[in-house]
Amino acid sequence: MNGAFDDLLAANEAYSATFTGSGLTGTAARGLAVVTCMDSRIDPLGLLGLKPGDAKILRNAGARVTDDVLRTLVVAVFVLGVNRVLVMPHTDCGMTKVTDDDIHDLARAQGVDTRSLDFHTVPDQDAALRHDLIRIRTSPFLDGVVSVGGAIYDVRSGKLTPIEELRRNAAA
């Protein structure tokens with residue numbers, strides 16, 4: 001690695017000197033997966049009262065339930081002990097302030113063609129969240145095996161506002 005990562009490697013040296021997580025397994029101790037945004041203002045473990053090992057955290061731009069998120073949730077459910085999913089976008093999200101065309105134009109201005117990508121921008125956050133909750137609930141891969149809930153995290157107050165909870169009973 002080049003010098004651009006020296007600060008991170010130094011911080012890791014300090015972290016690893018007092019590391020106590022070697023006994024954790026790969027399962028989600030609290031049976032939870034959280035789909036949230038990549039925004040650096042979000043501390044998913046802290047805001048939910050969790051600690052390392054409690055949950056699987058899936059992050060992407062806009063907290064969208066993409067095909068890759070569904071793939072990861074299937075692994076989390078059938079391999080890693082997840083039985084509930086919280087989809088948690090946030091206020092003041094950059095993905096609500098641009099369109100896919102805006103991003104394509106910005107990239108094109110730098111000589112990069114991104115037309116093969118769908119950025120899943122969020123013109124209506126409530127509608128997008130409800131769509132993503134339904135997408136999980138109706139997935140044939142997760143049918144009847146997870147409880148699904150949604151909430152919007154307020155980056156100014158630190159509070160969650162539940163939007164909808166779609167309970168699915170685990171198969172008997």
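Residues numbered from 1 in each chain as written. Predicted model: local features only at pLDDT ≥ 70, side-chain atom pairs only at ≥ 80, totals over all residues. Heavy atoms only, no water.

Some words on the pattern of salt bridges
Under the convention used in this document: Here, a salt bridge means any side-chain nitrogen of Lys or Arg that lies within 4 Å of a carboxyl oxygen of Asp or Glu. Three labels apply to residues, based on accessible area from a 1.4 Å probe with only protein chains included: buried if under 20% of the type maximum, exposed if over 50%, partly exposed otherwise in between. Here a strand is any run of E in DSSP of at least two residues, a helix any run of H or I of at least four, and the numbering for each starts at the N terminus.
Within this structure, the stated rule accounts for 11 salt bridges. Put simply, Asp39 and Arg41 hold a salt bridge, and the shortest N to O gap is 2.7 Å. Given the relative accessible area of 15%, Asp39 is considered buried. Under the relative-accessibility criterion, Arg41 is labelled partly exposed at 37%. A salt bridge links Arg108 to Asp105; its shortest N-O distance comes to 2.6 Å. Here Asp105 and Arg108 lie together in helix H4 (residues 100–109), a separation of three residues that amounts to about one turn. The exposure class of Arg108 is partly exposed, given its relative accessible area of 45%. Taken together, the shared-partner salt bridges in this structure form one network comprising Asp39, Arg41, Asp92, Lys97 and Arg156.

Focus: the nonpolar core
Generally speaking, a soluble globular protein has its nonpolar side chains buried in company with each other. Going by this rule: Residues belong to a common nonpolar core when they are buried Ala, Val, Leu, Ile, Met, Phe, Trp, Tyr or Cys residues joined through side-chain atoms within 4.5 Å.
Leu73, Val82, Val85, Val87, Ile136 and Leu142 are the most contacted members of the largest nonpolar core, which has 20 residues in total. The leading source of residues in this core is helix H3 (residues 67–79), at five residues. In this structure, Val34, Cys93, Ala128 and Val155 belong to the second largest nonpolar core, which totals 16 residues.

Thoughts on empty space enclosed by the protein
Worth spelling out the cut-off: Grid spacing is 1 Å over the protein atoms alone, the probe is 1.4 Å, and a cavity is where that probe fits but cannot get out, while a pocket is an open set with protein on both sides within 12 Å along at least five of seven lines and lining residues have an atom within 4 Å of a point. Grid points are joined across faces, edges and corners, and a volume is the space filled by probe spheres set on the points. Gly is placed with the polar residues, together with every amino acid not listed as nonpolar (Ala, Val, Leu, Ile, Met, Phe, Trp, Tyr, Cys and Pro) or charged (Asp, Glu, Lys and Arg).
Throughout the structure, instances matching the rule amount to one cavity of 30 Å³ or more. Of the volumes computed, that of the largest cavity is approximately 50 Å³. What lines the largest cavity is Gly62, Ala63, Arg64, Val87, Pro89, Val122, Gln125, Ala128, Leu129 and Asp132. The residue inventory of the lining of the largest cavity, partitioned by class, reads six nonpolar, two polar and two charged.

Remarks on unusual backbone geometry
With a phi close to 55°, Ala63 is a non-glycine residue in the positive phi region. Relative to the elements of secondary structure, Ala63 occurs in the loop between strand S2 (55–60) and H3. Judged by its relative accessible area of 1%, Ala63 is buried.

Focus on the pairing of strand S1 (residues 32–37)
Our working definition: A pair of strands is considered paired only if DSSP assigns at least 2 bridges between the two.
Counting buried positions along S1 yields six of six residues, so the element is predominantly enclosed. Pairing geometry for S1 and S2, over six bridges, is parallel. Residue pairing across strands places Thr36 opposite Arg59, the latter belonging to S2. Note: S1 against strand S3 (residues 84–88), five bridges, orientation parallel. Each bridged residue has a counterpart across the sheet, and for Val35 the counterpart in S3 is Val87.

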